[in-house]
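Topology and contacts: notes
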Amino acid sequence: MAREERQKNHGNASVTFKTNKITPVFFGATLVLWIVSVIFEIVFNKRVELVYVVAGCCFYQMANLVMRFAVSKDPLVINTSVSLLHSTICSISVVFILLNQLASKSFEEVFDHSQLFGGTWPGAYTALCFSCGYFAYDQWDMLQHHLYSGHIPSILVHHFLLLICFTLALYRNVTINYLILTLICELHSIFLHVRELRRMAGVRDAKKKIVKMEWVLSWMTFFLARIGSHILITAKLIRDANIFGQGVELPLALFGMAGMNLLNVFLGLDLLKAQKREIKNSHQQYHRD
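Residues numbered from 1 in each chain as written. Predicted model: local features only at pLDDT ≥ 70, side-chain atom pairs only at ≥ 80, totals over all residues. Heavy atoms only, no water.

For the chain, an unreviewed UniProt entry supplies the name TLC domain-containing protein and the organism Papaver somniferum. According to UniProt, the comment filed for the chain under the heading Subcellular location (unreviewed entry) is "Membrane". (UniProt positions renumbered as here; feature names shortened; annotations may be inferred.)

Rendered as structure tokens:
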């Protein structure tokens, strides 16, 4: 949803809001503080496992440079392409982690509260670190090329909150598996990014088979991987509420999932409008021809 807003406001060049100085300064400053915090944990607290956060940042920045030289000079095309790469890698990682667990344990064991809250599935910590690095890279790329709109851009706020939640979980080594489950929605993000790139490439005819298939897969993953998974996670949190301790984990988790579910509703409405608009434009183009 936020990325569609970014695309609509991206003209022939990057979107620049020279009158709004607070937004880039605030989010840039918070990103610098986040970087300092991660480096401090790695160097002074000997949290060597967090080096995968830095590795994630470097990997996606390198992918950005490769896209710039090999694909396009357009910052929005590059950013969307790297986002597609992240969604693909993240989706494969999450599915592999889950299948690996379900192959050796029962369904009840895998999704037991003790596992979701205090446990860490093999590969889950590294995958979360890598995604955390991506969100930091993406925040920097959007700030650098002004790929956002408004005084309080929803995409920057989204990444800001995710970085806080992911980093705190990584520092405290709790709710890692819960956060991995939330990343199942990246399966749907794949088709969001594909749609953006497809439209940037000029393929907008809703009557084409490939476009119809893309919409079918997009809606399937929207309801299963995004809506379905987030509702189930929310239900699990509510069901296990009495097992949580007296800390802030449960309130933060419930607040975060409430926000995600609300954003999912708005995203679904935006997708429905986008599909209707695409079909309408195709009909108009057909009659003109």
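Another point: helix α2 (residues 22–43). Here α2 contains 22 residues, and its C-alpha end-to-end distance of 31 Å stays within 8% of the 32 Å for a straight helix at 1.5 Å per residue. Those residues of α2 that sit buried are Thr23, Phe27, Gly28, Thr30, Leu31, Trp34, Val38, Glu41 and Ile42. All buried residues of α2 fall inside an arc of 160° around its axis, so they share one side. With respect to the buried face of α2, the exposed residues turned more than 90 degrees away are Ile22, Val25, Leu33 and Val36. (Helix = DSSP H or I, 4+ residues; strand = E, 2+ residues; numbered from the N terminus. Expected span 1.5 Å × (residues − 1). Buried < 20%, exposed > 50% of the residue type's maximum accessible area, 1.4 Å probe, protein only. Arc of directions from axis to C-beta.)

Time to look at helix α4 (residues 75–104). A rise of 1.5 Å per residue sets the reference length of α4, with its 30 residues, at 44 Å; its end C-alpha atoms lie 44 Å apart and thus fit the reference within 8%. Its side-chain oxygen 2.9 Å from the backbone nitrogen of Leu76, Asp74 forms the N-cap of α4. (Polar contact = N/O pair within 3.5 Å; in protein donor to acceptor, adjacent residues only side chain to side chain.)

A word on a nonpolar patch on the surface. On the surface, a cluster of nonpolar side chains totalling about 480 Å² of accessible area is made up of Ile35, Ile39, Phe40, Val43 and Phe44. In this structure, Ile39 sits in helix α2. Judged by its relative accessible area of 43%, Ile39 falls in the partly exposed class. (Patch = residues over 30% accessible without salt bridge, like charges linked within 9 Å, V, L, I, M, F, W, Y side chains within 5 Å. Areas by Shrake-Rupley, 256 points an atom, 1.4 Å probe, with all protein chains shown as cover. Salt bridge = Lys/Arg side-chain N within 4 Å of Asp/Glu carboxyl O.)

Per the UniProt entry, the sites bearing "transmembrane region" (unreviewed entry) are residues 21–44, 50–69, 76–99, 119–137, 149–170, 176–194, 215–238 and 250–272 in this numbering. Helix makes up 95% of residues 50–69 and strand 0%, whereas the separation of the span's terminal C-alpha atoms amounts to 30 Å. Between the end C-alpha atoms of residues 76–99 the distance is 34 Å, and the span holds 100% helix and 0% strand.

Turning our attention to the pattern of salt bridges. Per the stated rule, a full pass over the model turns up seven salt bridges. A salt bridge links Arg198 to Glu278; the shortest N-O distance between them is 2.8 Å. Highlighted residues: Arg198 in helix α10 (residues 186–200) and Glu278 in helix α12 (residues 249–288), separated in sequence by 80 residues. Sharing partners across several salt bridges, the network here consists of Arg198, Arg199, Glu214 and Glu278.

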